[in-house]
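Listed below, chain by chain, are the residues.
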Amino acid sequence: MAILTYREALNRAMVEEMEKDPLIYLMGEEVGHYQGAYKVSQGMLDKFGEERVIDTPISENGFAGIGVGSAMVGLRPIIEFMTWNFSLVAIDQIINSAAKMNYMSGGQFPMPIVFRGAGGAGGRLGAQHSQAFESWYAHCPGLKVVCPATPKDAYGLLKSSIRDNNPTIFIESEVLYGSKGEVPEQEYTIPLGLGEIKRKGTDITLVTWSRALSFAEEAATILEKEGISVEIVDLRSLRPLDENLIYESVKKTNRALVVEEGWPVAGFGAQIAYLIQKNAFAYLDHPVERVTQMDVPMSYAANLERMSLPNALRVADTIREMLQ
Amino acid sequence: MVSSVPKDSQSVSELKEFYRQMVLIRKFEEAAAKAYSVGKIGGFLHLYIGQEAVGVGSIASLTPKDYIVSTYRDHGHALARGLNPKPLMAELFGKGTGISKGNGGSMHFFDRNAHFMGGHGIVGGHISLAAGIAFASKFKKEDSVTICFFGEGAANIGSFHEGLNLAAIWKLPVVFICENNHYAMGTPEYRALAVKDVSVRAYAYDIARDHIEGDEVRKVRDHVQVAVERARRGEGPTLIEVSTYRFRGHSMSDPAKYRTKEELEAYKKKDPLMRARHELELGGITTEELDKMDLEIQTQIDEAYQYAETSPEPPLSQLHKYVYAEDK
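Thresholds applied
- Residues numbered from 1 in each chain as written.
- Chains lettered and ligands numbered in written order.
- Predicted model: local features only at pLDDT ≥ 70, side-chain atom pairs only at ≥ 80, totals over all residues.
- Heavy atoms only, no water.
- Contact = heavy atoms within 4.5 Å.
- Buried area = accessible area lost by both parts, 1.4 Å probe.
- Salt bridge = Lys/Arg side-chain N within 4 Å of Asp/Glu carboxyl O.
- Polar contact = N/O pair within 3.5 Å; in protein donor to acceptor, adjacent residues only side chain to side chain.
- Helix = DSSP H or I, 4+ residues; strand = E, 2+ residues; numbered from the N terminus.
- Nonpolar A, V, L, I, M, F, W, Y, C, P; charged D, E, K, R; others polar.
- 1 Å grid on protein atoms, 1.4 Å probe; cavity = no way out; pocket = protein on both sides within 12 Å on 5 of 7 lines; lining within 4 Å.
- Points joined across faces, edges and corners; volume = space filled by probe spheres on them.
- Buried < 20%, exposed > 50% of the residue type's maximum accessible area, 1.4 Å probe, protein only.
- Pairing = 2+ DSSP bridges.
- Domains from an automatic or database assignment.
- UniProt positions renumbered as here; feature names shortened; annotations may be inferred.
- Axes fitted to C-alpha atoms, helices over the stretch in contact; angles between N-to-C directions.

### Digging into the interface of chain A and chain B
Contacts between the two partners involve 48 residues from chain A, matched on the other side by 42 residues from chain B. Summing both sides of the interface, chain A and chain B together bury roughly 3,600 Å²; the carbon and sulfur share of this comes to 62%. On the chain A side of the contact with chain B, A:Val73, A:Tyr103 and A:Met104 bury the most area, a combined 20% of that side's loss. Linking chain A with chain B are 1 salt bridge. Where A:Glu51 meets B:Lys141, a salt bridge forms, and the shortest distance between an N and an O atom there is 3.3 Å. Viewed at the interface, chain B and chain A are joined by 20 residue pairs in polar contact (both at pLDDT 80 or more). Every element with two or more residues in the side of chain A that touches chain B is listed here: strand 2 (24-28), strand 3 (53-55), helix 3 (60-72), helix 4 (91-98) and helix 5 (101-104) of chain A. The leading source of residues in the side of chain A that touches chain B is helix 3 of chain A, at 10 residues. In terms of residue class, the side of chain A that touches chain B is made up of 20 nonpolar, 18 polar and 10 charged.

### Focus: the layout of surface pockets
Put simply, the largest pocket is a space of about 380 Å³. Every residue lining the largest pocket is counted, 26 residues in all, and those nearest its centre are B:Tyr72, B:Arg73, B:Val123, B:Met185 and B:His250. Listed by contribution, the elements that provide at least two residues to the lining of the largest pocket are strand 3 (146-151) and strand 5 (183-184) of chain B. Broken down by element, the residue count for the lining of the largest pocket peaks at 3 residues, all from strand 3 of chain B. Tallied by class, the residues present in the lining of the largest pocket amount to 11 nonpolar, 11 polar and 4 charged. The space that makes up the second largest pocket amounts to roughly 310 Å³. Around the second largest pocket, the lining comprises 13 residues; the ones closest to its centre are A:Glu50, A:Glu51, A:Ile54, B:Phe135 and B:Lys138. For the lining of the second largest pocket, the class distribution of residues is 6 nonpolar, 1 polar and 6 charged.

### Let's talk about the pattern of salt bridges
Two side chains with opposite charge may pair up if their charged atoms get near one another. Counted according to the given criterion, the structure contains 43 salt bridges over all chains. Taking the shortest distance from any N to any O, the salt bridge between A:Glu196 and A:Arg236 comes out at 3.7 Å. Of this pair, A:Glu196 sits in strand 9 (residues 196-199) while A:Arg236 sits in the loop between strand 11 (230-234) and strand 12 (237-239); the two residues are 40 residues apart in sequence, bridging distant segments of the chain. We classify A:Arg236 as buried; its relative accessible area is 5%. For the salt bridge of B:Arg275 with B:Asp215, the shortest nitrogen-to-oxygen distance reads 3.2 Å.

### Remarks on the pairing of strand 1 (residues 67-70) of chain B
All names here are of chain B. Neither face of strand 1 is exposed, since Tyr67 and Val69 on one face and Ile68 and Ser70 on the opposite face are all buried. Sheet topology note: the strand 1/strand 3 ladder contains 3 bridges and is parallel. The residue bridging valine 69 from the neighbouring strand is cysteine 148, located in strand 3. Where strand 1 lies against strand 2 (residues 116-119), 2 bridges are found, and the strand directions are parallel. Bridge assignment links isoleucine 68 to a residue of strand 2, and that residue is phenylalanine 116.

### Comments concerning the domain arrangement of chain A
Residues and elements named next belong to chain A. Its domain assignment divides chain A into domain 1 (2-183) and domain 2 (196-323). Here domain 1 and domain 2 have C-alpha centroids that lie 26 Å from each other. Across the contact, 31 residues belong to domain 1 and 26 residues belong to domain 2. Counting each side, the surface lost to burial between domain 1 and domain 2 is near 2,200 Å², with a carbon and sulfur contribution of 56%. Taken together, the links from domain 1 to domain 2 amount to 2 salt bridges. Taking the shortest distance from any N to any O, the salt bridge between aspartate 153 and arginine 236 comes out at 3.0 Å. Linking domain 1 to domain 2 there are 14 residue pairs in polar contact (both at pLDDT 80 or more). A per-class count over the side of domain 1 that touches domain 2 returns 17 nonpolar, 10 polar and 4 charged.

### Examining the UniProt feature "domain: Dehydrogenase E1 component" (unreviewed entry) in chain B
Mapped onto this numbering, the UniProt entry annotates "domain: Dehydrogenase E1 component" (unreviewed entry) at residues 20-315 of chain B. Helix makes up 42% of residues 20-315 of chain B and strand makes up 12%, while its end C-alpha atoms are separated by 35 Å.

### Details of the sheet that holds strand 11 of chain A
Residue and element names in this part refer to chain A. Taken in spatial order, the 5 strands of this open sheet run 9-11-10-13-14, and their pairing is mixed. A single partner strand is all that each edge strand has here, and the edge strands are strand 9 and strand 14 (289-291). Taken pair by pair, the neighbouring strands of this sheet meet at an average axis angle of 30°, ignoring direction. In this structure, strand 13 (residues 256-259) lies alongside strand 14, joined through 3 bridges in parallel fashion. Looking at the pairing, leucine 257 lines up with glutamate 289 of strand 14. Sitting on the sheet, helix 12 (residues 312-323) touches strand 10 (204-208), strand 11, strand 13 and strand 14, and the angle it makes with strand 13 is about 165°.

### Points about empty space enclosed by the protein
Residue and element names in this part refer to chain B. Under the criterion given, the structure shown has 3 cavities of 30 Å³ or more. By volume, the largest cavity is sized at about 90 Å³. Looking at the largest cavity, the residues that line it are Gly50, Glu213, Gly214, Asp215, Ser243, Thr244, Tyr245, Phe247, Tyr267, Lys270 and Pro272. Looking at side-chain class alone, the lining of the largest cavity contains 4 nonpolar, 4 polar and 3 charged residues. Estimated volume of the second largest cavity: approximately 50 Å³.

### Structural notes on the sheet that holds strand 3 of chain B
Residue and element names in this part refer to chain B. With parallel pairing, the 6 strands of this open sheet are ordered in space as 2-1-3-4-8-7. Strands at the two margins of the open sheet, each flanked by one partner only, are strand 2 and strand 7 (208-213). Across this sheet, the average inter-strand angle for adjacent strands is 15°, counted without regard to direction. Helix 5 (residues 126-139) contacts strand 1, strand 2, strand 3 and strand 4 (174-180) of the sheet and is inclined by roughly 175° relative to strand 3.

### Observations concerning the environment of A:Ser173
Residues and elements named next belong to chain A. Note on placement: serine 173 falls in strand 7 (residues 168-173). A C-alpha to C-alpha distance of 8.3 Å links serine 173 and alanine 121, two positions 52 residues apart in sequence. Setting aside its immediate chain neighbours within four residues, serine 173 contacts Tyr6, Gly119, Ser210 and Arg211.

### A word on the environment of B:Val123
Residue and element names in this part refer to chain B. Within the secondary structure, valine 123 is located in the loop between strand 2 and helix 5. Owing to a relative accessible area of 37%, valine 123 belongs among the partly exposed residues under this scheme. In this structure the C-alpha to C-alpha distance between valine 123 and glycine 151, which are 28 residues apart in sequence, comes to 8.2 Å. Apart from the residues lying within four places of it in its own chain, the contact partners of valine 123 are Tyr72, Gly153, Ala154 and Ile157.

Written out as C-alpha cells, the structure reads:
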C-alpha cells in the first residue's frame, strides 16, 4: 500500500485512465503549462501533450460547452473547474445541456463527461471562494454527484466517474488536497452509489461526505472517551445515493445526524433527513438532526469563518444533546 | 425582384431540389400550425416560415459526415437535412414514434445517425456545443465540419462570445450562421444590438465573415459552401450573417404586434419560395410541373400528419428511461 495525497490519487486515476483510452482529454484553466491551479494535473501535459491536456482561456461556459459538444460525438472529456465557485457561469451547460441531453434526445446522446475541481470552504478565501455546491447539482436528475473524502476513495471514484457514460459532478475538497492516506497499489474502482461505513458504532449514525467526514471522525474520537459509540456513514456519492446503507445503520443505532459543509436551507442533508424519517421512522428515537455551515455567506474574518463552518465540537455537542 | 436564371440543366435540377425542400418545410409547418391550433401539439411552436432558404441553402453545402446544431426553431433545419417528416411530426404530437421518442418536442429534434445534433432551447447556449463538436472532429483528425444556426438575439449572450473565441483560437472547423430575422422574440434588433451588423463581430475574433441576404437559396448555398470549405481545410471558423424574416410571430402564441403590416407585406414579396419558383419557371419548368410537385409534397405531409395522429403515445415505462445512459 502506498501513501498518497488526495491530489496524487486524483492525478494517478486520470493518468491511468488516459493511458488506456485515447478518447479521454483534460481541459480547463491552467491544467497544462501551469500544472494545475491546485497541481492535480501535475506532469500530465508532458505525458499527454497539448492535444489532450488543454489549457483554456477564462471562459467556463464556453469550455463546459466544448466538453458537452465533444461528448456528444464520442469523446470522454474531463473538464476541470479551477474551483466549483466558477462553475456557476457554466451551470447552463451543465444542467440545460449535459444533464438533459440523453433524456431529451430519447436516449441518443449519452454524455460521458466529468466535471471536476476544487469545492468547499475555508482558508479565509471569503464569500465567493468558499462554498459547497453539491446540493445544487444533486438537485438535478441526469447528473451524478461524487464527493470523495479520502485519497483511496478519490482514486477509485474518479476512475468510475471517467468510465461512466453520464455527466458526473466530481467535487474535490480544496482543503483535502494535501491530506494523505493509504491507496492500494493495484488498480481498483469504487462503484458510484456505494457508500462506506468509515467507523463502526452503536449509539448514533452520523451521515456525511467529503471534508465533513473529518469533523465527524474527530467528534467520534472525542465522544468515544465519554463512552459514546458513533457509526459514521460516508456516502461518497450523493447521486446515486446508497440509501440502504443509511437505513441499515439507523436501524442499529436509532439516531441519525447529518454533517455537511453546505448551507442548511434546501441542502442535501434535508433530503437525507426526509428519507430517514420516511423509510426508517419506526427505528428513530430522536428527530434527525443536522450540523451544517451557518446560513450566511462566508466571512473573511478568521474567527467568523471558524464559527461559520461545521466542526467537531459542534458535532459532538449535537450528539450529546441527542443522546440525553 | 432580381432573378438569377438557372443556366443549365444541372442548376435547374439543383434548384428544383431546393424548391422541393423549401415547400416541404413550408407545408410541414403549415400543418403543424393547424395541429397546434386544435390542441394536438403542445408547448411552444416556433415556425421557420419565411426563413426556408437559409436552412436549405446552408445544409446543401454539407456532406453526411458533417454536423448540424440548431435552435428551438429547428423543423426547417431537420427537414433540410433530409429527415423523414413522419417522426418529426410525431415528435410534435408527443408520440413514442417521434424522432426523440416524444421526450423532446418541437424544440428538441435529435437524430444521431443523420448528425443532426439537436434543437436546443436556451438561446445561444448551443453555440459552444457546436464548437465542441468541431473540437471533437479536430481531436479525432476527421474532416467533418459543424454548422451552427442561431438568431441575432443569441449574438448578445456569453456563450456566443466564448464559443467564437474558443473556435477562433483553436481554429475549429465550424461555421456560425446567424439567421438575423430582426426580432429576438418581440425585441427589434435596433434595441438589442449595439452594432446592428452581427457579422462584424467576426473582427473581434479575427475570423472570416460574410453577410448575405437570405431569400435566394442558391446564393446562400454558395456563400456557406465557401465557409465550409475553409473550415474543412483547417483554416478555422467563419461567422456568416444571413438576413431573413419570419412571416409568423416568434412562436404560435405571439401575434407579433410589435411590427407593422407594411413591413410584413414587404418581406412577403421577398418570399424565398416564390423566388425559387419564379426562377424555375424562367429555367423552363412549367407551372403545371411545379403545381404537381407541390401536390406531391402536400400528400407526403398529409401522410406525416396521419402517422403522427395515429401513433401511440410513449409507454409510461419510458418516464424514467433515458435519465441515465446505460453503462459502458
